[in-house]
Amino acid sequence: MAQLNLTTCPYCGVGCGIEAQLEEGRIVDVKGDSEHPANYGRLCVKGSALAETLGHHGRLTRPRVDGVEVDWDTALSSVASRLQTVREEHGNAALATYLSGQLLTEDYYVANKLFKGFLGTPHLDTNSRLCMASAVAAYKRSLGADAVPCSYEDIEDAELVVLVGSNLAWNHPVLFQRLRVAKNRNPLMRVVVIDPRVTDSCELADLYLGIRPGSDARLFNGLLAWMAKKKRFNQVFVERFTTGLEEALAAAQEDDASVEAVAADCDVDAERLETFYYWFASQLHVVTLYSQGINQSTSGTEKCHAIINCHLAGGKIGLAGAGPFSITGQPNAMGGREVGGLANQLAAHMDYEHPGAIDRVTRFWSTPSLTPTLPDGPGYKAVQLFDAIERGEIKALWIMATNPLVSLPDANRVRAAIERCPLVIVSECMADTDLVAMADIVLPASGWSEKDGTVTNSERRISRQRGLLASPGNARHDWWIISRVAERMGYGEAFCYQHPWEIFDEHARLSAFENDAEHQLRLFNLSGLVGLGHEGYDALKPIQWPVTSEAPQGTARLFEDGVFATATGKARLWPVKPQGPQQALSETFPLRLNSGRVRDQWHTMTRTARSARLMNHRAEPFVDVHEADAKALGLREYSLALVRAATGEMRARVRISPAQRQGEVIVPIHWTDRFCLAGRAGSLYQSLTDPLSGQPESKHGAVALTALDISWEATLVLDDALASGLGVAEPSALMNGPSALMNGPSALMNEPSALVSEPLAMTNKPPALMNGVAARACEDTAYWARIPLTSGMRWQLAGTPECSKRDWMRWISDNLPVPVGPVAQDASSGRLRAAGIEHGRLRWWLMVGPVEELPGLGWLVERLQESADGKPMSSEQRRRVLAGCDDGAVDQGPVVCSCYQVGRTPIVAAIHGGDDSVEALGARLACGTQCGSCIPELKALLEEEKGHASACNAAEAQFA
């Protein structure tokens, strides 16, 4: 019988509620929780596909110490003894931990308490440093606390919504859907998009400003000066509730503040810029949504201040439909900061510099026989932490639920630093990550649907993420792992937790401890959630902090009374001096590099790549290029390119995009060495950071772009057995020897000695996790990408110039254990198509030729699935196997709608057939009717095809 359970999505910071359907111990379906205030039943395509990402395959299930699987007692004792040895030999500050916004608040709390409180090291930081630190720093300096003043309802109640440095449509899709509904409901609402790229978020834009990258502070300084010139300040609000306007305005007017000068510096049309200024100044109910495009800068804090200054000067804060709204990237980045999960924080929104804070936390965490030894100052922030590891200052590093080899800038240098660290401990739920293979100790952790605790979303809303399934094998919750290590280090009395509700209760009590005017009045306060008990915790409904006796139902909007969390009670405007990117362009590296997420992927794809349909929207690492740049560089659509920077390189598929400004390119952040050769965007950025927030400049790289020198391209599709290496005839051919075959691919993943030690950006060797046919196919290639299919695996391959003489028939004979079936070969062009059929069932398929000639693979995947089910192909299907499709079948083209797997080709055909709206396309093809994430792309196709039709009609009229 089906059982319905409520939980929270593990992806972005929107924090959507989910209703999971369980049958026989499995989650068989998920849908949006119609009662959750974050999404009211909506889900994006990633959330909708969560059930497809589950299963025990590829999971870490047993601890490992020095490459050997052990029981938990051995693993925990090893962690405790080795950490203690490092402390005794090098001091507390030789220990560090690097956490993640994927952890639950309870995990975060226990980690912070152990490392800062009892191990006495300040060096605890998190990957939230990479996305939210600049916004946090600006909020604290301007408003007095790390406190987003708005709620999602304010977006819907606004008269003007400004999106700056945020592609809301792709990165926070459900919020974008809410904005679309609100705009349809209120025709007077205006939306402005400020972004160097024409993104899908422009679908709703009444005004688009395609600014020069890094010019945001100049634009908002110009707005402040314009408001002053036009006497648009809210003088009553400014005088009663703020300080610093005079200094902020003077700084804004240091440069030429005329609209024409600002427009020239930002590279936008002056008339359009002044239109934005007029709209912002004229409306009281303005929400500015900003994210990584603002934060990920060496002057990110200043940019956030420039935005906040305009809101304070206009009194556009503390009321419905108004406020500067930083949109969190991760599901629990805010929860991590609540407990002190940044190196410059202590705990419960107390910082080291707050008078009495160290003593207060020490007293709270003390037990009858234990007294914490807190550090007396902040530790290293993320980038600086890995610099310290490289210098040898940090001797032991514990990484939880993140992969800094991919996400940090100067990623090759980070890899080298971790390799040199004497003790690396990794808590992870997946076996096939780049980082796991580098660990001395690997601790298998629980994942989404197993973890039990709380998360806090972008609007300060705490929600329960409930444990619905048992963890596979011996995987354990992170809080449990940390607590058991603490016990073995002699701190058991302070870590005797048996259930996450106990941790949450302690966290809530600390937030309320001496939280008053006599000691230190702090905005973050969960006193109203103290004493929930087990049942109350399990039943906890989504609620926004602060939660107190005065606000038992939570607080939707902050600062409504004009009283801010600063020492004076007034908000502060800060002087801002605009600065450009520090990664300078040059003759060697003339192109400005941007980076970002793609619609259907999340972080390093350890979860989303387990759903084949999520891989179809963007199957390979890519680089978007302006048409003029592509022409000048000799690049064509779908060709392969080499992206080079001073710190490393990336190899990617070219996409010629009208959305790009000339002289600028963008790459995705997701691909790792487990999915492709040299696809890590992090290797292209220098490790330059904001001096206040420590956030790296990950939006403003400097690169060169050239065609990748290749001799051939090929597509290889293998069934699951061949892809995993289990269908290989000769064990001796495996690149890691016969022993690696014993337990299939997991044995290879779990063996640190199998790791290729040098950065893969510098080698053409396949990673050790691949074996058999896949490994041999990727040898001596200039490019490869691994793409999971619903059934089987696909590889895109390209040969080095030295590999131009590959004899494909000989290679097939030597490497594919299944006898070759039909073959079609053109010796003059080097093109070839071949298939392997065994007992009437398709086992592999190969095409040597440009990727543009590749048919849609849906038909082949269906044949692979039928073969896996034991069903042989019909004679007609065998006849069509080389073509890879049925007679007369139309290639779907690139996938637009991931929910229903609808490609570009049938959508364009439907438009030409008379479907002239998103609704008409949905009625015919179902695209856009599920999660809505593809609607901007559908609208863009409608406009594009209407443009083509107009051009054709004009041409016909001209020559009639």
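Starting from 1, residues in each chain are numbered consecutively following that chain's sequence as written. With the structure being a predicted model, the display of local features is reserved for residues of pLDDT at least 70 and the display and counting of side-chain atom pairs for 80 or more, all residues being used for whole-chain, interface and lining totals. In computing side-chain properties, one takes all heavy atoms of the structure into account and sets aside hydrogens as well as water.

**What about helix H8 (residues 216-229)?**
- For H8, built from 14 residues, the straight-helix expectation of 20 Å at 1.5 Å per residue is met to within 8% by its first-to-last C-alpha distance of 20 Å.
- Under the scheme applied here, a residue whose accessible area is under 20% of the maximum for its type counts as buried, over 50% as exposed, and between as partly exposed, the area being computed with a 1.4 Å probe on protein chains only. Only DSSP runs of H or I with at least four residues qualify as helices, and only runs of E with at least two residues qualify as strands; both kinds are numbered from the N terminus onward. In terms of burial, H8 is largely enclosed, as 13 of its 14 residues are buried.
- Taken from the residues just after H8, Lys231 is the one with a positive phi, measuring 55°. For a helix, the expected span equals 1.5 Å multiplied by the residue count minus one.

**Overview of the pairing of strand S9 (residues 190-194)**
- Most of S9 sits inside the fold, with four of its five residues counted as buried.
- Whether two strands pair comes down to DSSP finding at least two bridges between them. Two elements, strand S8 (residues 160-164) and S9, share five bridges in a ladder whose sense is parallel. Across the sheet, Val164 pairs through a bridge with Ile194, a residue of S9.
- Pairing between S9 and strand S10 (residues 207-209): three bridges, direction parallel. Across the sheet, the residue bridging to Val193 is Tyr208, located in S10.

**Quick look at helix H27 (residues 808-815)**
- Trp808, Trp811, Ile812 and Asn815 are the residues of H27 that are buried. An end-on view of H27 places all buried positions within 100° of arc, on one side of the element. Exposed and oriented more than 90 degrees from the buried face of H27 are Arg810 and Ser813.
- Looking at the buried side of H27, the elements it contacts are strand S29 (712-718), helix H26 (772-778), strand S32 (820-826), strand S33 (831-838) and strand S34 (841-848). Our arc is simply the arc of the directions from the helix axis toward the C-beta atoms. By the convention used here, residues are in contact when the closest approach between their heavy atoms is within 4.5 Å.

**Details of the sheet that holds strand S31 (residues 793-799)**
- Judged by pairing direction, the sheet is antiparallel, and its six strands sit side by side in the order S30-S31-S29-S34-S33-S32 without closing on themselves. The open sheet terminates on both sides in strands that have one partner only, identified here as strand S30 (781-788) and S32. Within the sheet, the average angular offset between the axes of one strand and its neighbour, ignoring direction, is 10°.
- Sheet topology places S29 next to S31; seven bridges connect them, and they run antiparallel. Bridge pairing in S31 links Leu718 to Met793.
- Running over the sheet, helix H28 (residues 858-868) touches S29 and S34 and is turned about 150° from S34. For every element, the axis is a line fit to its C-alpha atoms; helices are fit only across the contacting stretch, and the angle between N-to-C directions ranges from 0 to 180 degrees.

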